[in-house]
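# Structural characterization, general
The chain contents come next:
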Amino acid sequence: MEFPPEHYFQTATQRIRQAQYLYREGSSYALAIYVGGVAVECLLRAFKGRRDPTFDEKHHLLRLFAASGMLRIDRDKLLAKGWTDAQIDEHLHTLKVAVNEIFRLWANNYRFASEERLRSHLKQITSHQRIQGDYLKEQARQFLNSAQKFIDKGVVQWHV
Amino acid sequence: MARLKNPLLRKLERVLAQRFPEPATIQLEDHDGIIGVVTSDEFARMDTIDRQNLIGELVETHLKPEERRQVQIIVGVTPEEGTGYLAGED
């Protein structure tokens, strides 16, 4: 099945809503994290697809991010639309911070992980963090915050 | 990751290795611009925004503007977090 860039874009916004629903209403934190990551991947594929319809990055977040061209914005075009240099820099910085956060907490094989398995994995890889209460829930909250920020910035950039 | 080939990749690796000496590791590649991962215990004490600020300052300080334009993103992770990297390649 082939998907045009616009389809990936629509799916990205749909998946992030579904991820938030899974977190809020379903208490399905492992699945919420996985779906949130898929939302980000959909958005990257949308941008990449507008530049080049071939995909050889698979699920590799950093390669997809580079190939998406999201950081290669046309600064003059944004300035002409009323953005300031500070706003453009803040936009790019937010994208990078979100990608760093998503990169450290997400992997494509999380789709196979149960709640218990992902809770244990995240405790292991983020043992330096002090978290009280439900460890997986808090990690999911932080992850979805980053994914949502990335999608929000991407939606703005898509329509520029 | 692919072996380092171009001078900018080597220069950037030197800059990062100076700030993050072993046992930290640095993986860089050119994929539609330079991307990479710095893996260091030091990041355990830092929020993600501080990790990006630190890496961004190094790039800003040591690379010329035309070199900086070729750098897409370099992320900072702890050794434990770094295990997710290869998992994302399937």
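Basis of the calculations
Residues numbered from 1 in each chain as written. Chains lettered and ligands numbered in written order. Predicted model: local features only at pLDDT ≥ 70, side-chain atom pairs only at ≥ 80, totals over all residues. Helix = DSSP H or I, 4+ residues; strand = E, 2+ residues; numbered from the N terminus. Rg over C-alpha atoms; globule rule 2.2 N^0.38 Å. Pairing = 2+ DSSP bridges. Buried ≥ 20, exposed ≤ 12 C-beta atoms within 10 Å, placed from the backbone. Arc of directions from axis to C-beta. Contact = placed C-beta atoms within 7 Å. Axes fitted to C-alpha atoms, helices over the stretch in contact; angles between N-to-C directions. Nonpolar A, V, L, I, M, F, W, Y, C, P; charged D, E, K, R; others polar. pLDDT = per-residue confidence, 0-100. Parallel < 35°, antiparallel > 145°, perpendicular 65-115°, else oblique.

### Some points on the overall build of chain A
- Each helix and strand counted, chain A has seven helices and zero strands in total.
- Going residue by residue from the N terminus, the α and β elements of chain A occur as α-α-α-α-α-α-α.
- For a compact globule of 160 residues, the expected C-alpha radius of gyration is about 15 Å, and chain A comes in at 16 Å, within 12% of that figure.
- Over its C-alpha atoms, taken along the principal directions, chain A stretches across nearly 50 × 40 × 25 Å.

### A few points about the pairing of strand β1 (residues 25-30) of chain B
Residues and elements named next belong to chain B.
- Relative to strand β2 (residues 34-39), β1 runs antiparallel, the two being bridged by six bridges. Considered in β2, the bridge of I26 is made with V38.
- Connecting β1 to the next strand, β2, in antiparallel fashion are three residues, including D32 with a positive phi near 60°.

### Describing unusual backbone geometry
- With omega at 15°, the peptide bond leading from E22(B) into P23(B) counts as cis.
- Relative to the elements of secondary structure, P23(B) occurs in the loop between α1 (7-19) and β1.
- One non-glycine residue, S27(A), lies in the positive phi region at around 50°.
- As for its position among the elements, S27(A) is in the loop between α1 (5-24) and α2 (29-51).
- Even without a glycine there, the phi angle at D32(B) is positive, about 60°.
- Relative to the assigned elements, D32(B) resides in the loop between β1 and β2.
- Residue classification places D32(B) among the partly exposed residues on the basis of 18 C-beta atoms within 10 Å.

### Remarks on helix α6 (residues 115-125) of chain A
Residue and element names in this part refer to chain A.
- Those residues of α6 lying buried are L118, L122 and I125. Burial along α6 is one-sided: seen end-on, the buried residues are contained in an arc of 70°. With respect to the buried face of α6, the exposed residues turned more than 90 degrees away are E116, R117 and Q124.
- Packing partners of the buried residues in α6 comprise α2 and α7 (135-158).

### Focus on the sheet that holds strand β3 (residues 71-77) of chain B
- Within the open sheet, the three strands sit side by side as β1-β2-β3 (chain B). Their pairing is mixed. Strands with a single pairing partner mark the edges of an open sheet, and in this sheet they are β1 and β3 of chain B. Taking each pair of neighbouring strands and ignoring which way they run, the sheet shows an average axis angle of 10°.
- The sheet strands contacting helix α3 (residues 61-68) of chain A are β2 and β3 of chain B, and the helix crosses β3(B) at an angle near 155°.

### Observations concerning the interface of chain A and chain B
- Chain A puts 26 residues into the contact, and the matching count from chain B is 23 residues.
- Put simply, the parts of the chain that give the side of chain A that touches chain B at least two residues each are α3, α5 (85-105) and α6 of chain A.
- A total of seven residues in the side of chain A that touches chain B trace back to one element, the largest contributor, which is α5(A).
- Grouping the constituent residues of the side of chain A that touches chain B by class yields twelve nonpolar, nine polar and five charged.

### Considering the confidence of the model for chain B
Residue and element names in this part refer to chain B.
- Mean pLDDT over chain B stands at 89; residues scoring 70 or higher make up 86%.
- Segment residues 85-90 is flagged for pLDDT under 50; beyond a separation of four residues in sequence, or across chains, it makes 15 contacts in the model.
- Here the complex is predicted with pTM 0.91, and the ipTM for its interfaces comes to 0.90.

### What to know about the pairing of β2(B)
Residue and element names in this part refer to chain B.
- A large share of β2 lies buried, amounting to six of its six residues.
- Of the strand pairs in this sheet, β2 and β3 are connected by six bridges, and their pairing is parallel. Note on β3: the bridge partner recorded for T39 is V77.

### What to know about the packing of α3(A) against α5(A)
Residue and element names in this part refer to chain A.
- Following both chains from N to C, one finds α3 and α5 inclined at 155°, their axes separated by 10 Å at the closest point. Considered as vectors, α3 and α5 are oriented roughly antiparallel to each other. Judged by residue contacts, L61, L62 and F65 of α3 engage V99, I102 and F103 from α5.

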